[in-house]
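Coordinates in review
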Amino acid sequence: MTSSQYPGGLVETRLGLHFRVTRQHFLGGEMTVRCSAKISSLYYKTQQHSVDGHMTYSVPSWSPETSPPSPVVAQELEERER
């Protein structure tokens, strides 16, 4: 988990996940992965992807260290810099 604190007190925290997929994770030849984020009743976002186990996919890796701030954080930073 990485955290960054910006001027004005805004704090951004990111968490990554490494998951080794095996044949047991595919039910009926498919696997569904869902990621959800929630901050109290202020924010909720979920994203879901399904994968067919009979095909080979090249999935780009994601790293919190190399990714830009989220759009919400970027907008907040812009507003605080004004």
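The notes below deal with the structure included here. In this text the structure is predicted, and so the values were computed from the model without any measurement. (Residues numbered from 1 in each chain as written. Predicted model: local features only at pLDDT ≥ 70, side-chain atom pairs only at ≥ 80, totals over all residues. Heavy atoms only, no water.)

**Comments concerning the overall build of the protein**
The helix and strand tally for the protein stands at 1 helix and 4 strands. Expressed as a percentage of contacts within the protein between residues at least 6 apart in sequence, the contacts between residues at least 24 apart total 38%. When the accessible surface of the protein is split by element, carbon and sulfur atoms take 54% of a total near 7,600 Å². (Helix = DSSP H or I, 4+ residues; strand = E, 2+ residues; numbered from the N terminus. Contact = heavy atoms within 4.5 Å. Areas by Shrake-Rupley, 256 points an atom, 1.4 Å probe, with all protein chains shown as cover.)

**Considering unusual backbone geometry**
Peptide bonds are mostly trans, and most non-glycine residues show a negative phi. Although it is not a glycine, Ser-40 adopts a positive phi angle of roughly 45°. With respect to the secondary-structure elements, Ser-40 resides in the loop between strand S3 (30–39) and strand S4 (43–52). Given a relative accessible area of 55%, Ser-40 falls into the exposed group. (Buried < 20%, exposed > 50% of the residue type's maximum accessible area, 1.4 Å probe, protein only.)

**Some details on a nonpolar patch on the surface**
Where nonpolar side chains cluster on the molecular surface, the patch consists of Leu-17, Phe-19 and Val-21 and spans about 340 Å² of accessible area. Tracing the backbone shows Val-21 in the loop between strand S2 (11–14) and S3. (Patch = residues over 30% accessible without salt bridge, like charges linked within 9 Å, V, L, I, M, F, W, Y side chains within 5 Å. Salt bridge = Lys/Arg side-chain N within 4 Å of Asp/Glu carboxyl O.)

**Description of the environment of Thr-32**
Among the secondary structure elements, Thr-32 is positioned in strand S3. Look at Thr-32 and you get partly exposed, because its relative accessible area is 45%. Distance in space between the C-alpha atoms of Thr-32 and Asp-52 is 9.0 Å, their sequence separation being 20 residues. The contact partners of Thr-32, leaving out residues within four places of it in the chain, are Gln-48, His-49 and Ser-50. Looking at Thr-32, its side chain comes within polar contact range of the side chain of Ser-50, at 3.3 Å. (Polar contact = N/O pair within 3.5 Å; in protein donor to acceptor, adjacent residues only side chain to side chain.)

**Focus on the pairing of strand S1 (residues 2–5)**
Within a regular strand, the side chains alternate between the two sheet faces. One ladder, built from 4 bridges, connects S1 with S2; its direction is antiparallel. Within S2, the position partnered with Thr-2 by the bridge is Arg-14. Counted between consecutive antiparallel strands, the loop separating S1 from S2 contains 5 residues, among which Gly-8 sits at a positive phi close to 95°. (Pairing = 2+ DSSP bridges.)

**Examining the environment of Ser-4**
Checked against the element boundaries, Ser-4 lands in strand S1. Expressed as a C-alpha distance, the spacing of Ser-4 and Arg-14, which sit 10 residues apart in the sequence, is 8.8 Å. Excluding residues that lie within four positions of it along the chain, Ser-4 makes contacts with Leu-10, Val-11 and Glu-12.

**Considering the side chain of Arg-14**
Here Arg-14 shows up in strand S2. Engagement of the side chain of Arg-14 in a polar contact is seen with the side chain of Glu-12, the distance being 3.4 Å.

Interpretation note: all reported values are geometric properties and have no functional meaning in isolation.
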